[in-house]
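Breakdown of the fold
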Amino acid sequence: MNPTRSKGLRVPMLGLVAIMLSLSGIAIAGELRKPSGPVLLTVTGKIARANGDGAALFDEEMLSALPQHRIVTRTPWTDGIKLFEGIRLKALLDEVAVKGSVLRAEGINGYRIDIPVSDADNFGVLIALRMDGERLLRRDKGPLWIVYPRDSVPAVRDERYDSRWVWQLDKIEVR
């Protein structure tokens, strides 16, 4: 194309794709889209993708847009076998492009514990939003609860892993 003959607005193809993705709400080039509802989870620390002041903020819609998974398991804190639904911790870590090896997970009540990033890969850890088909509320350990597959992975059936089940999760700092 001869630039002297074209008098209209020219946008390079990559620029046009970026504009289209941005208008559709899809994150581009290192940034996540901004939450439109109340923030349920804040991820900080060694991450490459954020949506506000070095933090990745997630509302329920953003978390629900990630691939959903299930874990059927018993817990030390509930009766019987429970069905947990939510996102894999690994998917969240991929979404923010984690650059650290330890997660400091913290609940609304101030409880915090360090969890190796390798747990996400090794055990299929879930960040549950629902239990037995019902949205997790604060009174039943929600709105987010870190869940390990105790019944299907015998290695996680001990206190070391039980202490990593952070309920009322609202912060993760990547170290």
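Everything that follows concerns the structure shown earlier in this document.
My aim in this report is to walk through the structure given alongside it, one point at a time. (Residues numbered from 1 in each chain as written. Predicted model: local features only at pLDDT ≥ 70, side-chain atom pairs only at ≥ 80, totals over all residues. Heavy atoms only, no water.)

**What to know about the overall build of the protein**
Across its full length, the protein carries five helices and 10 strands. Residues counted as buried form 38% of the 175 residues belonging to the protein. A sequence separation of at least 24 residues applies to 57% of the contacts in the protein between residues at least 6 apart. Approximately 9,700 Å² of the protein is accessible, and the part contributed by carbon and sulfur atoms is 53%. (Helix = DSSP H or I, 4+ residues; strand = E, 2+ residues; numbered from the N terminus. Buried < 20%, exposed > 50% of the residue type's maximum accessible area, 1.4 Å probe, protein only. Contact = heavy atoms within 4.5 Å. Areas by Shrake-Rupley, 256 points an atom, 1.4 Å probe, with all protein chains shown as cover.)

**Some points on the nonpolar core**
In terms of nonpolar packing, the biggest core is built from 44 residues, with Leu 41, Val 43, Phe 58, Leu 89, Leu 92, Tyr 148 and Leu 169 touching the most fellow members. Counting residues per element, this core draws most heavily on strand E7 (residues 126–131), which supplies five residues. Not counting chain neighbours up to four residues away, the residues in contact with Leu 169 comprise Leu 40, Leu 41, Ala 105, Glu 106, Gly 107, Ile 127, Leu 144 and Ile 146. (Core = buried A, V, L, I, M, F, W, Y, C linked by side-chain atoms within 4.5 Å.)

**Some points on the environment of Met 62**
Note that Met 62 resides in helix H2 (residues 60–65). As a C-alpha pair, Met 62 and Lys 34 span 28 residues in sequence and 8.9 Å in three-dimensional space. When neighbours within four sequence positions are excluded, Met 62 is seen to be in contact with Arg 33, Lys 34, Pro 35, Asn 51 and Leu 57.

**Some words on the side chain of Arg 150**
Structurally, the position occupied by Arg 150 is in the loop between strand E9 (145–147) and helix H5 (159–162). When its relative accessible area of 15% is taken as the criterion, Arg 150 is described as buried. Every residue in contact with Arg 150, bar those within four places of it in the chain, is listed here: Thr 73, Arg 74, Thr 75, Pro 76, Val 156, Arg 157, Asp 158, Asp 162 and Trp 165.

**Examining the sheet that holds strand E2 (residues 56–59)**
In spatial order, the strands read E2-E1-E10-E5-E6; together these five strands make up an open sheet with mixed pairing. Each edge of the open sheet carries a strand with a single partner, namely E2 and strand E6 (112–116). The average angle at which neighbouring strand axes cross in this sheet is 20°, direction not considered. Where strand E5 (residues 102–107) meets strand E10 (residues 169–174), five bridges bridge the pair, whose relative direction is antiparallel. If you follow Gly 107 over to E10, its bridge partner there is Leu 169. This element, helix H3 (residues 89–96), spans strand E1 (39–45), E2, E5 and E10 of the sheet and lies at about 130° to E2. (Pairing = 2+ DSSP bridges. Axes fitted to C-alpha atoms, helices over the stretch in contact; angles between N-to-C directions.)

**Some remarks on the pairing of E1**
Here four bridges tie E1 to E2, and the two strands are oriented antiparallel to one another. Note on E2: the bridge partner recorded for Val 43 is Ala 56.

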